[in-house]
Amino acid sequence: MPYGWFCVLLSEELENGTVTSVRRFGREWVIFRDDEGNVGMFEPHCPHLGAHLAIGGKIEGGLLRCPFHNWGFDHQGYCRNIPYASALPGKLIREPALKGLPVVEMNRMIWAWYHPNGDRPLWEITSVPEAIDDNWRSRHSQLFEIRTVPQEIAENSVDTVHLKYVHGQAASLDINSTYDGQLRTTAIEGPMTLTDANGDKVDCLFSVHFEQIGPGLQVVRMERHVKLIMLITITPAEAEMTRLRFTFLHPDYQHDTVRQAMLEDLIEEQIGWCGPYAGVLADLPIWDNKIYLRTPLLCDGDGKIMEFRRWFAQFYA
Ligand code: FES
Ligand SMILES: [Fe+2]
């Protein structure tokens, strides 16, 4: 399992004053949001006598209250109140009682920093201003749970040959990535002709700017007569079960039916619901069933797979 920032929930999936449990990074966590909106994510068992904090735990007075003896914990994991004790034990004043993960809310998503050795965050999660821009709209795809690891999903975007055989892309593309620390960027641009909703041919420039930030986030900025940003989040749930979700951000084209239709086509293609280009749905059976070959048998027409793997290796502790 790689380390990095991973989207553990969408912000809208955790309302103020609620507690839930999730399985991420191969284990269970309690995750809650207090009345002021602060989020905490911790190992789920109470350090007092071991009750499960998400089973009957509640937010009361701004604290997560354990269902067993009502100890109260804040979003940083400190025990702030034991209703029947005259004084908090000194250890509870000095250090957090709950063991948890660093959590940040960004791009309307809740991100946790996971590192198998508990190391502190090594970079910041990238902010995408359009995600909170009132002139932009956002929608989430369904969640795909795939029997694979984050590296295999990410490798897809340097595997240029599969774009033809899995996704039906006509021309083969040369994809050159630039690697810089936790960042991988690539850009593709070229002319293309589209058929619009009225059946008219439209010449336009197709451009894709792709940025991967660590193992858990890809930001893809596309332009093809309309603008579309995809936030692709890749989160390990179990050692070999990965959650993949696309979040689409786009300007509000409601006033412009031709553009609106072009936007819908572009979005549906990315998923693979329609269109000549089969989107991510076409990858799923491959990912679900393939194995990882440490020394693959490559040929000169293959994409730059080993270069990508050398970059990705930094995310393993
Ligand atoms: S077990 Fe949680 S307060 Fe006692
Ligand atoms: Fe693919």
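In this text the structure is predicted, and so the values were computed from the model without any measurement.

**Considerations on the domain arrangement of the protein**
Often, the extent of an interface is quoted as the loss of accessible area upon association of its parts. Domain boundaries in the protein define domain 1 (4–114) and domain 2 (129–315). Look at where the C-alpha atoms of domain 1 and domain 2 centre, and you get two points 34 Å apart. Between domain 1 and domain 2, the residue contacts involve 17 residues of the former and 16 residues of the latter. Carbon and sulfur atoms supply 58% of the area that domain 1 and domain 2 bury against each other, a total of about 1,400 Å² over both sides. Interface area lost by domain 1 to domain 2 is led by Phe-6, Asn-107 and Arg-108, which between them contribute 33%. In this structure, the salt-bridge partner of Arg-23 is Glu-238, at a minimum N-O distance of 2.6 Å. The tally of links from domain 1 across to domain 2 stands at six residue pairs in polar contact (both at pLDDT 80 or more). Elements supplying a minimum of two residues to the side of domain 1 that touches domain 2: β1 (4–10), β2 (18–24) and β10 (109–114).

**Some thoughts on the side chain of Arg-245**
Residue placement: Arg-245 occurs in strand β17 (residues 241–251). Relative accessible area serves as the criterion here: at 11%, Arg-245 is assigned to the buried category. Contacts of Arg-245, omitting those with residues within four sequence positions, involve Leu-10, Glu-13, His-140, Ser-141, Gln-142, Leu-143, Leu-231, Ile-232 and Thr-233.

**What to know about the UniProt feature "domain: Rieske" (unreviewed entry) in the protein**
With numbering matched to this structure, UniProt assigns "domain: Rieske" (unreviewed entry) to residues 5–112. The span residues 5–112 carries 5% helix and 40% strand; its end-to-end C-alpha distance comes to 5 Å.

**Re the environment of Ala-97**
Among the secondary structure elements, Ala-97 is positioned in the loop between α1 (90–94) and β9 (103–106). For Ala-97, a relative accessible area of 21% corresponds to the partly exposed category. As a C-alpha pair, Ala-97 and Gly-77 span 20 residues in sequence and 5.8 Å in three-dimensional space. Those residues in contact with Ala-97, other than ones at most four positions away along the chain, are Pro-47, Phe-73, Gly-77, Tyr-78, Cys-79 and Leu-92.

**Describing the coordination of the iron ion (ligand 2)**
Protein-derived ligands of the iron ion (ligand 2) are Asn-156 (OD1), His-162 (NE2), His-167 (NE2), Asp-283 (OD) and Asp-283 (OD), with the metal-ligand distances lying across 1.9 to 2.4 Å. Taken in sequence order, the residues that donate to the iron ion (ligand 2) follow the motif N-x5-H-x4-H-x115-D. Separated by 116 residues along the polypeptide, His-167 in the loop between α3 (160–165) and β12 (178–180) and Asp-283 in the loop between α4 (257–271) and α5 (284–289) bring together distant segments of the chain.

**Comments concerning the sheet that holds strand β3 (residues 27–33)**
Pairing within the open sheet is antiparallel, and its three strands lie in the order β2-β3-β4. Strands with a single pairing partner mark the edges of an open sheet, and in this sheet they are β2 and β4 (39–42). On average, each strand axis in the sheet is inclined to that of its neighbour by 25°, with strand direction left out of account. Relative to β3, β2 runs antiparallel, the two being bridged by seven bridges. When the bridges of β3 are listed, Ser-21 appears paired with Val-30.

**Thoughts on the environment of Pro-296**
Within the fold, Pro-296 resides in the loop between α5 and α6 (305–312). Residue class for Pro-296 comes out partly exposed when judged on its relative accessible area of 23%. Linking Pro-296 and Gly-214, residues 82 residues apart in sequence, is a C-alpha distance of 23 Å.

**What about the nonpolar core?**
Leu-228, Met-230, Leu-244 and Phe-246 are the most contacted members of the largest nonpolar core, which totals 27 residues. Going through the elements one at a time, β11 (136–146), β14 (201–213), β15 (217–224), β16 (227–238), β17, α4 and α5 are the ones with two or more residues in this core. Ranked by residue count, the leading element in this core is α4, at five residues. The residues touching Leu-228, leaving out its near neighbours within four places in the chain, are Val-220, Arg-221, Met-222, Phe-248, Leu-249, His-250, Leu-263, Leu-266, Ile-267 and Gln-270. Val-128, Ile-229, Phe-308 and Phe-312 belong to the second largest nonpolar core, which has 25 residues in total.

Reading the values: rules and limits
- Residues numbered from 1 in each chain as written.
- Chains lettered and ligands numbered in written order.
- Predicted model: local features only at pLDDT ≥ 70, side-chain atom pairs only at ≥ 80, totals over all residues.
- Heavy atoms only, no water.
- Domains from an automatic or database assignment.
- Contact = heavy atoms within 4.5 Å.
- Buried area = accessible area lost by both parts, 1.4 Å probe.
- Salt bridge = Lys/Arg side-chain N within 4 Å of Asp/Glu carboxyl O.
- Polar contact = N/O pair within 3.5 Å; in protein donor to acceptor, adjacent residues only side chain to side chain.
- Helix = DSSP H or I, 4+ residues; strand = E, 2+ residues; numbered from the N terminus.
- Buried < 20%, exposed > 50% of the residue type's maximum accessible area, 1.4 Å probe, protein only.
- UniProt positions renumbered as here; feature names shortened; annotations may be inferred.
- Donors = N, O, S within 2.8 Å, 3.2 Å for Na, K, Ca; no water.
- Pairing = 2+ DSSP bridges.
- Axes fitted to C-alpha atoms, helices over the stretch in contact; angles between N-to-C directions.
- Core = buried A, V, L, I, M, F, W, Y, C linked by side-chain atoms within 4.5 Å.

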